Structure formats: C-alpha cells, structure tokens
Amino acid sequence: MEVRVQNVRKEFDRFPALHDVSLDIASGELIALLGPSGSGKTTLLRLIAGLERPTAGRIFFGDEDASEKSVQERNIGFVFQHYALFRHMTILENVSFGLEVRPRSNRPPKAEIRRRARELLDLVQLSGLEKRYPSQLSGGQRQRVALARALAIEPRVLLLDEPFGALDAQVRRELRKWLREIHDRTGHTTVFVTHDQEEALELADRLCVMSQGKIEQVGTPDTVYDQPQSPFVFGFIGESSVLPVNIERGDIWLGDRPVGISSPGATGTARLFFRPHDIELVEGDAALSGVVASSRRVGGTRRVELDIGGAAHRVEIDLPFDHPAGERSQISFRPKRWKLFPAA
Amino acid sequence: MAANSRVRRLTSPTNEPVYVRWILIIVGLLFMALFLVLPVVAVFSEALRQGIGVYFQSLMQPDALSAIRLTLLVAAIAVPLNVVFGVAASWAIAKFEFKGKAFLTTLIDLPFSVSPVISGLVYVLLFGSGSVLGPWLRSYNIEILFAVPGIVLATIFVTFPFVARELIPLMQDQGSGDEEAALSLGASGWQTFWRVTLPNIKWGLLYGVLLCNARAMGEFGAVAVVSGKIRGQTTTMPLQVEMFYNEYQSTAAFALASLLALLALVTLVLKTALEWRFGDELAATGRGH
C-alpha cells in the first residue's frame, strides 16, 4: 500500500509541530523518519496512523483519502516505543486482541484466531512463551510481541515509533537485522521513526531527514550521506567539520590563506563542510594547516582535533593510526570531498 | 583499636542503638493502644456487657433495623454513582488535556477541605423552605430535605473524592499508550474501556470503592444537617447511635456502633490485602516501562 502525505500541517496549541510536509512512500518500502527530538518525526508518524488529526493537508492510502478516517478504519499496525502491551493479558491474548475485537461479521472463529496468533509468535521467534505475561519478558522479547500483535490485524501499513529506543545496544542491533528480515518476508510498507542515524542508514531503503517540523531531504542512505542538500543534513548524518570561508574568483580562502580547492562561479562568503575521513594530507602552502590539539584512537584510525589559524577554528580529521603526529605538531591537509553552503 | 573499627564497620550507619529503638517502639505502641485499639475494644465490650442475647435484641429493635436498612440503601445508591462519576472524572483528567483541568482537579477535592456540616447546610440552602428550588419541588410532591434523597445527595457530596482521588494518579501514571494501542488494533471506544482501561485500574478502583463505602456508611455531620432525624425514617446508623446514646440506651448505642466499627475493621483488612496485591501490580506497571 503506498502512502502519500500531501501538504500536511500540524499545530499543537497554535505551536506548529509540522510545516507543510509532503512525502510519498512507495508500496513495500522500508522508510525511516530520522531527526533529532522535536523535529516532528513522531508527529508525522502519528498523523499517518490517525492518532493525531492534521491541522491542514491530506493523507492518502493508495488512491483513497484517509484524512478523515479514524485510526480503527485505517487498518494500520502501530508499534510503540514502550511496547504498550496489555499487562493483564498473556502473550497469546495480546497477539489475538486485534482479531478478537473485530465485529462478529468478519471475526475469524476462536480456533482460527489462536492458530494465527501462534503462527505470528513463531514468526517473531517466541513460540513457547504464549502463557507468559508481558512483565515476565525481556525488553527485546516484549518489542517482538508488540510487532506480532501489530501484524496480526494484517495491516496495510506498519508504523514503528522508535521501536528500539528503549533497548540496549546489543539487543538493538539484533532486532534491527531481524526486523529487516521480517520486512523482506512479509513485504509490508513500513515507516519507522528513529533518532539513531546508524539504525536508519543500516535498516532503511530510504531516509526522510527531518528538522524543526520540516523535511530536509529524502533519499537512499547513499544519497543522503554522500550528497547532503542542507547544512543540517551534512551535520546530522555522519560527522562533519565546518569552516567559514571566502571565495575569490572561484578560489576558496580561509582568512588570508588559500585552501587549495576551488568552486568555479561561486563568490562571497560561505561555509565549507567536509567529513573527517574525506581529506588528503598535502605538503605546501595551498592547504588548510593546523596544530594538533588532541588525538584519540577510533577503531582503525586516529581522530585528530586541529586548531586552525591560532585557535580561531577547530576541525576534526582522521589520520592513519600509525601517523607520527603528536601534540602540537603541524599538519596540512585538503578536503577531498566537500560542499559549500551559504554563510549563516 | 582494630576490634573497635571492626565493630563500627559491621553496624549500618542508619541503625540506632538498641535502647533508642525500644523507646521509639514502645512510644509508638502505647500511642496506638491508647488512641486506636482502646476505643475499638471499648465499643465491643460496652456492646456485649449484658451478654450476646441483649446485644442481638438491641440490634433487632425496629429503630435499629430501620437505621441499618437506610444506611445500606444510601450506600447502595451513593457508592455506584460515585464509581461512575469517579471513573469518568479521572478518565477525563488523566487522559485528556483541556482548559480548566487544574480547576476541576481542585474542585474534586473540595468535599475533603470543607467541613461536612457545611456540605449539609449547602443542601438546606438549596432545597430548604426559604430557597427557590424547595417550594417549587414541593409543589410537585418531591421531598428532598429531611427525606432519603437529601441524605443520598449529602452522602454523594461527601464521598465524591474517594474514587477519583485513587484513580487519577494511577491513570496518569499509566498514560494513554495502552488505549492508543487498542484503538490502533481496531478496538472501539467501549471495547478499549472494558478490555484495556478497566482491567488496568481494577485494583485501584476496588480500593477507592472500599474507602468510599466506609465513609458513606459512617458519615455523620452532613447527613445530620439534612436528615431531620425522623425516627425510623431518616436516621442512618451513625445518627441512630447518637440518639440511643442521648436516650441513655447505651447498650443499643454501642451495639449499633460495634457494627460500624466492624465495618471499619473489615475495610481495613480488605484494604491491607488489596495493598498487598495492588502494590505488586503497581510494581509490575513500573517494570513495564
């Protein structure tokens, strides 16, 4: 089922949480809404679910306008950050709930409901725990029950609100892989909210990066990572350093030194963005040159903080871990890949 | 020196010396015996002073019986109504945001902060012969004051906060995540209430009902003002106790009082049992998040 969000605006007590947001979600894709807290990503998810009403704009499920439909009518599967399992029901009763509350006319017989619930528990690898209560399960198990419960109603769209947010790193990584497998097997159109870029980059077909109630960029993980369209995306996805620069006849200058890179056609002041690992060490004058302020080992590389132009600017670059640079040594480098954005 | 420091290490810093502990325990026990146990024992021993036969005889006299009946009737009306109001009010306060919410919360506590006598007087002012409503209702043959409806109204007013006060913090703590989950799974509003909300609050609700019931049966001040104390018609158990006592029928007074004391004891036992059960459930809720 494809989902189209069209010029949706949402205000809470006159305070806008979403400004005029539009997003097309393809059928069967796994898309991540990624952003810092307060960016409106959860609000957008809840609007798609029908748990909130838009102040303006429309939401389509396929060709059908779902904007006025209640959450029950939309037939979505929603997984909450804190699971929201019914604590007085067993695991099997939790998973069966969505089928048991159906009107008699399209409610499957009891034995059929149990059979389907068991099948789903099998899918989420929790067979044997049917009689347990939610409080007797670990966080990761609870979240899998929550997913099985959401899948039981054969939803048109699966919506997950920070599904792994309350779990520890190890369990989170396992569940991430596992969710991807389930998605590939069941083929549900899936939207999930996260503030964890690693999670989004690894799991999603496409990312929708949000900030302050607006969509900054939508694209595949590679596009968003390699071709950020705004300073926010550059800074939020992956690591980055920023320098205020001047451009004269296409050449980029930091203060009174040329950086050694050029951007034909550009002029005036700008901000230069680059990633710590996208640099090359060079000899000579036409380069950024700084003094090592601190360095630490990160995996197979050495992350170095450089003071450039006295202590006016501080940037981070990656060096090979066996690079001889120590405290206070001078290093010259040039960004290999970079992007200019207008000065703030 | 070495032994000394070892002893110090073994005693926990929050532990007091033995004699201090005993003094505190004895003071506490004495206080309880004097102010809590002694009165209850006195009530039962006074009631049974002339033997169990006289005890039951005095409970069987028509005035006592009608007082018991009236008290049960008033509680049977007031408690269910307060359950409905209490659940509705706490649902609204805990699960929704609206203007005037803080005011409503304060209003629910009003009966706790106002003297019961004043609560009764309010109804006298509303429905008395000097009021606008009273004579108008009387022209339709509806008696509120000095009749059962007045007693019920005053009791409802006095016992209003018990259920709501018990449920509001519980429901606020639980939030509306479970309800949203139920709705997203296709449940209707009613199904969500009966299958999810109510089971989540059942122990708290039961606890509130018990307290509400104890107060409804024991209320004196507000009921005394509106009842008119018509023998055999508008005297509840607490009022009848006072009447017997003023008429020097002390065995009858204490016999009736012993029933109320028994009610209190049963409520206490149930309350403790529930706290035991309910505490578990609350802890489970805490673990669930």
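Scope of this entry: the structure provided in the associated data block. (Residues numbered from 1 in each chain as written. Chains lettered and ligands numbered in written order. Predicted model: local features only at pLDDT ≥ 70, side-chain atom pairs only at ≥ 80, totals over all residues. Heavy atoms only, no water.)

### With respect to the nonpolar core
Residues and elements named next belong to chain A. The following threshold applies: Take the buried residues of types Ala, Val, Leu, Ile, Met, Phe, Trp, Tyr and Cys, join any two whose side-chain atoms come within 4.5 Å, and each joined set is a nonpolar core. Exposure classes here rest on a 1.4 Å probe applied to the protein chains alone. A residue is buried below 20% of its type maximum, exposed above 50%, and partly exposed in between. In this text, helices come from DSSP runs of H or I with a minimum length of four residues, and strands from runs of E with a minimum of two, each type numbered from the N-terminal end. Throughout, a residue-residue contact means that at least one pair of heavy atoms, one from each residue, lies within 4.5 Å.
Counting 42 residues, the largest nonpolar core has Val95, Leu147, Leu207 and Ile237 as the members making the most contacts within it. Sort the elements by how many residues they give to this core and helix H5 (residues 139-152) lands first, with seven residues. For Val95, the residues in contact, after removing those within four places along its chain, are Ala117, Leu120, Leu121, Val145, Ala148, Arg149 and Ala152. With 39 residues, the next largest nonpolar core counts Leu23, Ala49, Phe61 and Phe80 among its residues.

### Details of the pattern of salt bridges
Residues and elements named next belong to chain A. The test is simple: Salt bridges are identified by distance alone: a Lys or Arg side-chain nitrogen within 4 Å of an Asp or Glu carboxyl oxygen.
One pass over the structure, following the stated rule, counts 39 salt bridges over all chains. For Glu68, the salt bridge is made with Arg58, and the minimal N-O distance between the two is 4.0 Å. You can see Glu68 sitting in the loop between strand E5 (64-65) and helix H2 (71-74) and its partner Arg58 sitting in strand E4 (residues 56-61), a full 10 residues away along the chain. The exposed category is assigned to Glu68, whose relative accessible area is 60%. Judged by relative accessible area, which is 34%, Arg58 ranks as partly exposed. The salt bridge partner of Arg180 is Asp205, with a shortest N-O separation of 3.1 Å. Highlighted residues: Arg180 in helix H6 (residues 169-186) and Asp205 in the loop between helix H7 (197-203) and strand E9 (206-211), separated in sequence by 25 residues.

### Looking at the sheet that holds strand E3 (residues 30-34) of chain A
Residue and element names in this part refer to chain A. Under the convention used in this document: When DSSP finds two or more bridges between two strands, those strands count as paired. Think of each axis as a best-fit line through the C-alpha atoms, taken over the contacting stretch in the case of a helix, with angles from 0 to 180 degrees between the N-to-C directions.
The strand order across the open sheet built from six strands is E6-E7-E8-E3-E9-E10, with neighbouring strands paired in mixed fashion. The sheet terminates laterally at strand E6 (76-79) and strand E10 (214-219), the two strands that pair on one side only. Strand after strand, the sheet turns through a mean of 15° between neighbouring axes, direction not considered. Helix-sheet contacts for H5 involve E6 and strand E7 (157-161), and the interaxial angle to E6 is about 170°.

### Some words on the interface of chain A and chain B
Note the following rule: Buried area is a sum: the accessible area each of two parts loses on coming together, probed at 1.4 Å, counted once for each and added. The definition of a polar contact used here is a pair of N or O atoms within 3.5 Å, where within protein one atom must be able to donate a hydrogen and the other to accept one, and adjacent residues in sequence count solely through side-chain atom pairs. The nonpolar class holds Ala, Val, Leu, Ile, Met, Phe, Trp, Tyr, Cys and Pro. Asp, Glu, Lys and Arg form the charged class, and all remaining residues, Gly among them, are polar.
At the interface, 24 residues of chain A touch 22 residues of chain B. The junction of chain A with chain B conceals about 2000 Å² of combined surface from both sides, 55% of it contributed by carbon and sulfur atoms. Contact with chain B buries area across many residues of chain A, yet Gln72(A), Arg87(A) and Val101(A) alone supply 30% of it, more than any other trio. Where chain A touches chain B, the interface holds two salt bridges. On the surface where chain A and chain B come into contact, there are five residue pairs in polar contact (both at pLDDT 80 or more). For the side of chain A that touches chain B, the elements supplying multiple residues, two or more each, are H2, E6, helix H3 (91-100) and H5 of chain A. When grouped by side-chain class, the residues that make up the side of chain A that touches chain B number 14 nonpolar, five polar and five charged.

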